[in-house]
Amino acid sequence: MMPLGLRVFLIIGACVGVLGVSLRQLTEPGLHTEGPVWDPLTGGLYFVDIAADRLLYYDPKAGDVHGVTLDGPVSPVLVLPGGDLVVGVGRQLRRLDWAALNFSSILPLITTPEILATVEKDKPGNRFNDGNVDTLGRVWIGTMGPEPVVGQVTPDQGSLYRITVLSRSGHLNQAAPTMGQAVDVTTVLRPVSISNGLVWNREQTLMYYIDTPTRRVDVFDFNLSEGTLGARSTAFDFEANNVTGNPDGMTIDADGNLWVACFGGSQVIKVDPHRHTLLDSIAIPASQVTSVELGGPLVAGGDTLYVTSMRKGLSEDELAREPLAGAVFALTGLGVCGQRNPSCQ
């Protein structure tokens, strides 16, 4: 078998105006890889395999993937100010510093999980799904209902939460939380069916949000200091733009354009949310594309776009046509940077 680092795919016909883009497979296929998050402090990529209960970390310098199995479906993983992680495990939000433990595969044996919050105790079939962290360190995280069959989620069972760790004085604590601090859990939106991609514009005056079955990317007016949502409207409509698939995970570039994973669509799309228009479409060798993230290491032509995918739920015939489904991919040559890349400021 050809080494992973040499599996390079040139994307030509399916790209719109980005013929120099190349796609590289980074990992072996998982069941349901999701939620890539670039960490500039460690210089690597966190992601999860929800169906395998796995938290994972890709080290681009060594080409290694570290993993640990937790005690429930893991999603999302988010990086707090200061470098600690918050991880959704089922309906629990936990904090940990995995890097300090050298990405140990026996993490549950050597440390006790710090549980920050548990939500929806009356809905045991629900779980956390996706989220993000604003510039003040507040965690915005949503849930989804039971999914007995892939793609068939019980509707209107989820919510979107703002989870804030408070200092002992009762004020917002922008540093990494520590044991004994108060946690405020506020429901900001309900009901939702599959709470998914969530990003802000550079000024953090707008929040873009996906509830997957709506087949839309919506936008809210956003008050950063208060942590509140205002007027809601449609930033991009999949149906109106004849886009195949459903919106899943999402990231935003330094130009304010959205990059959206198309679950069931075998593609990632680039969207101008201000003009509500489709700018580009890039084919992915997996139909169930789950999420995207712009991050390092810096390469010619801008940041790398990391893409996760899913193989769970595919038939034997579909798996034969999509042998790479479930892998994590790296797209380079896009000519864009993420908002946190200082070279793009």
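Residues numbered from 1 in each chain as written. Predicted model: local features only at pLDDT ≥ 70, side-chain atom pairs only at ≥ 80, totals over all residues. Heavy atoms only, no water.

- As annotated in an unreviewed UniProt entry, the protein chain carries the name Regucalcin and is attributed to Frankliniella fusca.
- What UniProt states about the protein chain under its Sequence similarities (unreviewed entry) heading is, verbatim, "Belongs to the SMP-30/CGR1 family." (UniProt positions renumbered as here; feature names shortened; annotations may be inferred.)

Points about the sheet that holds strand β9 (residues 92-96)
Working step 1: Read from one edge to the other, the open sheet built from four strands follows the order β7-β8-β9-β10, with strand pairing classed as antiparallel. Here the strands that pair on one side only, and so sit at the sheet edges, are β7 (74-79) and β10 (114-118). The mean inter-strand angle of the sheet, taken between neighbouring strand axes irrespective of direction, is 25°.
Working step 2: Sheet topology note: the β7/strand β8 (residues 85-89) ladder contains four bridges and is antiparallel. Each bridged residue has a counterpart across the sheet, and for V74 the counterpart in β8 is V89. (Pairing = 2+ DSSP bridges. Helix = DSSP H or I, 4+ residues; strand = E, 2+ residues; numbered from the N terminus. Axes fitted to C-alpha atoms, helices over the stretch in contact; angles between N-to-C directions.)

A word on the pairing of strand β15 (residues 195-200)
Working step 1: Burial runs high along β15: six of the six residues are buried.
Working step 2: Relative to strand β16 (residues 206-211), β15 runs antiparallel, the two being bridged by four bridges. Within β16, the position partnered with W200 by the bridge is M207.
Working step 3: Between β15 and β16, which pair antiparallel and follow one another directly, the connecting turn spans five residues, one of which, Q204, has a positive phi of 55°. (Buried < 20%, exposed > 50% of the residue type's maximum accessible area, 1.4 Å probe, protein only.)

Let's talk about the sheet that holds strand β22 (residues 277-283)
Working step 1: The strand order β19-β20-β21-β22 describes an open sheet built from four strands, whose pairing is antiparallel. Lying at the two open borders of the sheet, with one neighbouring strand each, are β19 (246-252) and β22. Each adjacent strand pair in this sheet contributes to an overall mean axis angle of 25°, direction not counted.
Working step 2: The sheet contact formed by β19 and strand β20 (residues 258-263) spans five bridges and is antiparallel.

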